[in-house]
Amino acid sequence: LHCQVIRTFTFIFGIFSFVFLFADFIHAAVARCMVHQILPRNFTLPCMLLNETVLSPFSAGVVESWSGLRRERGAAETNPPLLMNEESFLCCLWSDNNIDCSLYRASMQPRMFIPSEISISASQERDSNWNIECWIKGTLDLLVCSLRFLKLHLGPDLKVNLLYAVSDLPLGDASTSSLKGTAVAARCGCSEYGKCECCVPSPRLNYTYIMWLKIVTGVTPLWSPLMAVKPTDIVKPEPPLNLHLEMTEKGEVKICWSDPVLMPFPLQYEVNISGNAGQNGWQVVQVALNTSLAIDNPLLDSSYFAQVRCKNRYGPGFWSDWSTPYNLKLGAEVLYFPSKILTSVGSNVSFHCIYKNKNKNVLSRKIVWWLNLAEEIPESQYTLVNDRVSKVTLFNLKATKPRGNFFYNALYCCHQNRECHHRYAELYVVDVNINIKCETDGYLTKMTCRWSTNPNTLLVGSSLQLRYYRSKIYCPNFPSIPPESEVKECLLQRNHSYECIFQPIFLLSGYTLWIEFKHSLGTLESSPTCVVPADVVKPLPPSDIKAEITRNDGLLNVSWTNPVFTNDDLKFQIRYAENREELTWELYEISNVPTRSAMIKVQKLCVEYVVQVRCRALDGLGYWSNWSRSAYAAVRDIKAPLQGPEFWRVVVEDPARRQKNVTLVWKPLMKNHSLCSVSRYIIKHQTSENTTWSEYVDKGTTCLFPWTEHTHTITVLAMNSIGVSSINFNLTLSQQLSTVDAVQSLIAYPVNSTCVILTWTLSPHTYVITSFVIEWKNLNKEEEMKWVRVPPNTSKYYIYDHFILIEKYHFSLYPVFAGGVGKSRVTDEFTKVPDGYENQNNASLYMVLPIVISTLVLLLGALLISQQRMKKLFWEDVPNPKNCSWAQGVNFQKRMDIL
């Protein structure tokens, strides 16, 4: 455009010179734009008022332009400023003596950026100037630019915008095309004192920000040249925090602090130590690269306050503000090294102390140590490091017991006159003796490790994790923690235990395991243990369990199948119990191995047994398997019944048929006699005519038959699936012996509602009695007759039953001979218990009665004594009313009579 203008007016020489100079400038401006680089200090840039425009249809490079040269020559300011429809900026070139700018759109032909650190002097500014300072706040979340206008009058319609675009390219590699469609406007807040502040949120520290300012006052726009900054170069950190004094093991004192936030670069520090708080106090400024600085004793004794500030150590940036002043005199009253210790149970630790009393150092030989201000530590545990430093050592420490919210023991350094400062050292003792148990599953595919801790003893903010190291084969003789290890994720269970699963596993590798206890105070480690998965196998339980009681022998026979992934080198345990609601297990361990069955002698043969089996490696390594599924040994007959049942007869006369009907009754066989069941009873008959027959009773315990012969012998046999009882009871019925009166008398003595004594005497006779049978029945109720067989050599028998003593009972006693049953003796009455029986039954009562009486007497005496003492204690000072003046002459006895 400008070249065409020059050719058109070549005939005018004067004008040609001017246009040539102007075109040369425009050609340079079209190619480049200068950008002012923002450094960590304030700087000045001009405000440009765009009031002249050169428009040309022949070039798309520059649409609006303005030259500072035209302004210097006093060009008229008649054209109104141009308001842009799209985002635009000034593209400027300047030197020490001149500045030339063009209003430029990002959509135009790209121009390269030229970095410049030259600040434009105020003498070159025409419209107004801007004093600018930009920084990143210490929290790294805000870019702030502070503006101050030196010549511009701020009206109420003033609008200030900071426009910026972000590029990931260095400034020298960027061009105006990087601003196309990416510019963002940040609103700025202004005060009436000519100051504004613009904020860009969430800056990206390592990117390049290209910025420019635009002010509109009324309808007049003012522009600034382009500026560029890398946020990481203008960070202003927050001041350091937590200033405090610490001492070293050798007694040196240092001032320490902490960084407010984590910075993306290392910091350097300045420490200001002053003599007093006034402005006239002396100051010493020292540089530090770490968060501490040693202070020698003379400086510490003569100083009062300290402050610290920080900035980027290697790059540009602002110094932070000074920290809050720290009073060195108060901080140096008592110092501990270390101030806090985290250690494990059984260890030994040492603390050092410097103590000042009223700003004067206390000699170390005059320092005593107290634990929790309750226990003075013996002097034998003290060490005098030097004149100022005392040391105490604590041996074989026990775990710290939590006291409310305190999980440490407080260690106090005190003067020997028992004056103690409120500051103390903290001792944290944690029990890291954690037992890790691992087991490999029966399929040999995974290893599960478990460990637990007491959550009530864990420090707040602590964490536990399982670390391990796997060696290629087996375990070392003395496991130790290797320098390299891995963390295994563990899941917290409901019972406050942890469970970690290794899968896949190497059966013969050695896994060294330990628990790492992490806390802000340090890291502790439990004693390492080494596990070989093949040595901690928990096999699968045996399968196909079978159990039965053997015939004839009566042994519990148990058999099983060994689990998979095992060999025959196993040992087994069997537990068995009677199958009932509450199982009482008995354990049987097999000694002869290898085997897959066992025979167990049991006490009871005719009960159902439930049986389980488990196994383990024969060498004792690993674990017992789980118990197998239950097998049941069903009840079945083992042998033929040992004996037949005891039985008795009930004879009823049948006059119409001139016969007697006999009912046999017997008691069911106990299982230990039937072994184990009775399928039927066999009743064998034999008469005096030598006639025999048998009848069978499949169900029930009674049998009815007519008795017409002189003698009739009956035998009752028990039969099961194996055979018939070999020992049986016989009973002979004889018409002749049934009239023999062998019992002379029968008396029934009631003892209580559950016992009746029956006594009898015998008549002289020549028959041999083999047994007696007693019958009894309640005559007031319709109930079956009860009976019991009694040995022949007794004359007294205790009958235990439920008796109602006010009701009438019928008692009968039958003598039984070898050839028949004699005549019974009957009684229907109870007789009073004789003195001998009463004394015998109440002997225990007579023994207990004196003890009860004596105890009551002692209690009564103790009660009377305590009453007298209470009366004396509470009523000792009560005045006697007869001694009162108002009661003189009053007859209290008379008053009582009236009452």
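The rules behind these values
- Residues numbered from 1 in each chain as written.
- Predicted model: local features only at pLDDT ≥ 70, side-chain atom pairs only at ≥ 80, totals over all residues.
- Heavy atoms only, no water.
- UniProt positions renumbered as here; feature names shortened; annotations may be inferred.
- Pairing = 2+ DSSP bridges.
- Helix = DSSP H or I, 4+ residues; strand = E, 2+ residues; numbered from the N terminus.
- Salt bridge = Lys/Arg side-chain N within 4 Å of Asp/Glu carboxyl O.
- Buried < 20%, exposed > 50% of the residue type's maximum accessible area, 1.4 Å probe, protein only.
- Patch = residues over 30% accessible without salt bridge, like charges linked within 9 Å, V, L, I, M, F, W, Y side chains within 5 Å.
- Areas by Shrake-Rupley, 256 points an atom, 1.4 Å probe, with all protein chains shown as cover.
- Disulfide = S-S within 2.5 Å.

The name an unreviewed UniProt entry assigns to the chain is Leptin receptor, from the organism Anser brachyrhynchus. Quoted straight from UniProt, the Subunit (unreviewed entry) entry for the chain says "Present as a mixture of monomers and dimers. The phosphorylated receptor binds a number of SH2 domain-containing proteins such as JAK2, STAT3, PTPN11, and SOCS3. Interaction with SOCS3 inhibits JAK/STAT signaling and MAPK cascade." According to UniProt, the comment filed for the chain under the heading Sequence similarities (unreviewed entry) is "Belongs to the type I cytokine receptor family. Type 2 subfamily."

**A word on the sheet that holds strand β20 (residues 305-312)**
Across the sheet, which stays open at both edges, the 4 strands sit in the order β18-β17-β20-β21 with antiparallel pairing between neighbours. Edge positions in the open sheet fall to β18 (283-288) and β21 (326-327), since each of these has one partner strand only. Note: strand β17 (residues 267-274) against β20, 8 bridges, orientation antiparallel. What sits directly across from Ser274, in β20, is Phe305.

**Concerning the pattern of salt bridges**
Considering all chains together, one arrives at 16 salt bridges under this definition. Across the pair Arg309 and Glu270 runs a salt bridge whose closest N-O atoms are separated by 2.9 Å. Here Arg309, found in strand β20, pairs with Glu270, found in strand β17; they are 39 residues apart in sequence, far enough to count as distant. On the basis of relative accessible area, Glu270 is assigned to the buried category, the value being 16%. Lys786 is paired through a salt bridge with Asp801; the nearest N and O atoms lie 2.9 Å apart. Remark: Asp801 occurs in the loop between β59 (796-800) and β60 (809-817) and Lys786 occurs in strand β58 (residues 786-790); sequence separation between them is 15 residues.

**Structural notes on a nonpolar patch on the surface**
A surface patch of nonpolar side chains, about 370 Å² in accessible area, is lined by Ile473, Tyr474, Leu507 and Leu508. Of note, Tyr474 is situated in the loop between β34 (463-470) and β35 (486-488).

**Side note on the pairing of strand β53 (residues 711-719)**
Examined bridge by bridge, strand β50 (residues 680-687) and β53 share 8 bridges and lie antiparallel to one another. The partner of Ile682 across the bridge, within β53, is Leu717.

**As for the state of the cysteines**
Throughout the structure, instances matching the rule amount to 11 disulfides. One disulfide in the model links Cys190 with Cys196; its S-S distance is 1.8 Å. Between Cys190 and Cys196 the sulfur-sulfur dihedral comes to about 105°; the bridge is accordingly right-handed. For Cys190, a relative accessible area of 37% gives the class partly exposed.

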